[in-house]
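For reference, the chains in residue letters:
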Amino acid sequence: VIRLNPMLSVLKLGYNELGDTGTSVIAKAFIQDGKHHPKLTVLDLGFNEVGDLGCEALALLALAGNFSLSQLYLSGNVIGETGALAIAGAILHGTGLSVLHITGNTIGSKGIKAIAGAIAKQDAVAAQLTQQQHREGVSMVAPTVTELHIGSTGVDSTGFIAIPGMILSNSSLRTLSIPNNNLNDQDMLMLSQALTQNKNIPLEKLELSFNEISDQGVECVMN
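Here the structure is a predicted model, which is why all the values come from computation and not from measurement. (Residues numbered from 1 in each chain as written. Predicted model: local features only at pLDDT ≥ 70, side-chain atom pairs only at ≥ 80, totals over all residues. Heavy atoms only, no water.)

Can you tell me about the overall build of the chain, naming the residues and giving the values?
The helix and strand inventory of the chain stands at eight helices and nine strands. The C-alpha atoms of the chain give a radius of gyration of 18 Å, which matches the 17 Å a tight globule of 223 residues would have. Counting over 223 residues, the chain shows a buried share of 48%. A separation threshold of at least 6 residues defines the contact pool for the chain, and within that pool the share at least 24 residues apart is 88%. Surface accessibility of the chain: about 11,000 Å² in total, with carbon and sulfur atoms responsible for 54%. Averaging the locations of the 12 positively and 19 negatively charged side chains of the chain gives two centres separated by 12 Å. (Helix = DSSP H or I, 4+ residues; strand = E, 2+ residues; numbered from the N terminus. Rg over C-alpha atoms; globule rule 2.2 N^0.38 Å. Buried < 20%, exposed > 50% of the residue type's maximum accessible area, 1.4 Å probe, protein only. Contact = heavy atoms within 4.5 Å. Areas by Shrake-Rupley, 256 points an atom, 1.4 Å probe, with all protein chains shown as cover. Lys, Arg positive; Asp, Glu negative; His and termini not counted. Charge placed at Lys NZ, Arg CZ, Asp CG, Glu CD.)

Talk me through the nonpolar core; I want residue IDs and the actual numbers.
Within the largest apolar cluster, 56 residues are counted, with the highest numbers of intra-cluster contacts made by Leu43, Ile115, Leu148, Ile163 and Ile167. Sorting the residues of this core by element identifies helix H1 (19–29), helix H2 (52–63), helix H3 (81–93), helix H4 (108–136), helix H6 (162–167) and helix H7 (185–197) as the ones contributing at least two each. Residue contacts for Ile167: discarding those within four places in its chain leaves Leu176, Leu191, Ala194, Leu195, Asn198 and Ile201. (Core = buried A, V, L, I, M, F, W, Y, C linked by side-chain atoms within 4.5 Å.)

So what's going on with the environment of His36? Which residues, and what values?
Mapped onto the elements, His36 comes out in strand E3 (residues 35–36). The spacing of His36 and Leu63 is 27 residues in sequence and 9.3 Å in space, taken between C-alpha atoms. Ignoring sequence-local partners within four residues, the contact set of His36 consists of Phe30, Ile31, Leu61, Ala62, Ala64, Gly65 and Asn66. A distance of 3.0 Å separates a polar side-chain atom of His36 from the backbone oxygen of Leu61. (Polar contact = N/O pair within 3.5 Å; in protein donor to acceptor, adjacent residues only side chain to side chain.)

Account for the pattern of salt bridges, with residues named and values stated.
A complete count under the given rule lists two salt bridges for this structure. Taking the shortest distance from any N to any O, the salt bridge between Arg174 and Glu204 comes out at 2.8 Å. Placement of the pair is Arg174 in the loop between H6 and strand E8 (175–177) and Glu204 in the loop between H7 and strand E9 (205–207), with a sequence separation of 30 residues. Residue class for Arg174 comes out partly exposed when judged on its relative accessible area of 38%. (Salt bridge = Lys/Arg side-chain N within 4 Å of Asp/Glu carboxyl O.)

Could you give an account of H7, naming the residues involved and the relevant values?
Between its terminal C-alpha atoms H7 stretches 18 Å, which fits the 18 Å expected from 13 residues at 1.5 Å a residue. Where H7 is concerned, the buried positions are Asp187, Met188, Leu191, Ser192, Ala194 and Leu195. The arc enclosing the buried residues of H7, seen along the axis, measures out at 160°, which places them on a common side. Against helix H5 (157–160), H6, E9 and helix H8 (215–222) lie the buried residues of H7. Sitting at the head of H7, Asn184 places a side-chain oxygen 3.0 Å from the backbone nitrogen of Gln186. (Expected span 1.5 Å × (residues − 1). Arc of directions from axis to C-beta.)

Describe the environment of Ser68, with residues and values.
Among the structural elements, Ser68 can be located in the loop between H2 and strand E5 (71–73). A relative accessible area of 22% means that Ser68 is categorised as partly exposed. For Ser68 and Lys28, which are 40 residues apart along the polypeptide, the C-alpha to C-alpha distance reads 15 Å. Among residues more than four places away in sequence, those in contact with Ser68 are His37, Pro38, Leu40 and Thr41.

Tell me about the side chain of Ser75, and name the residues and values.
Note that Ser75 resides in the loop between E5 and H3. Owing to a relative accessible area of 15%, Ser75 belongs among the buried residues under this scheme. If we skip the residues at most four places from it in the chain, Ser75 touches Gly46, Phe47, His101, Ile102, Thr103 and Asn105.

Now, about the sheet that holds E5: what can you tell me, with residues and values included?
Across the sheet, which stays open at both edges, the seven strands sit in the order E1-E4-E5-E6-E7-E8-E9 with parallel pairing between neighbours. Each having just a single partner strand, strand E1 (10–12) and E9 make up the two edges of the open sheet. Put simply, the sheet's adjacent strands are angled 5° from each other on average, direction ignored. When strand E4 (residues 42–44) meets E5, the two strands line up parallel, connected through three bridges. By the bridge assignment, Val42 is partnered in E5 with Gln71. (Pairing = 2+ DSSP bridges. Axes fitted to C-alpha atoms, helices over the stretch in contact; angles between N-to-C directions.)

Shape is all these values report; function is a separate question.
Right under this line is the structure:
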């Protein structure tokens, strides 16, 4: 269906039992004769028992070097640190990904650090490219991640520190969703400091439900 339908733009297969094997088959279908599918922009594989092997296949075959796929939904799977590192590698390689849902996977602090670091580098490259195009009188939008959903991923304060670090220089992120990660007031202080220092971030939506934030943490963010 993917290879024989060049007009396919949205593929939703959530809540099935694809596992790593089925996910790898789908990933292989994204590329043919060295070229990625030209129109497929949305892929939803949420709640499919996808693990690290399936995620690595997606990162290598469907994400890296693919500037058509812009939205990837992987929530509710069994992806771990290795899968997260693969996604980060694909972002660093170059991708058109703008929306990433990876909520409900145990990617942990190392996984969060890798993805946040990759997004930070991607955004910095995009900013440099935009400045160069402006000088040359060219108008093109460089791909960046604008929505990041990382709730219930097992991140702790040592991993969360990468999020404020990403925010410090980001000029693209509009939605940041990090519920149910045991974040505390100290984490909110670091987040608020990063937001205060970066006046260029276009953040519109911040989701912090089901954490361990008191009124002090909320006050830090609100101020």
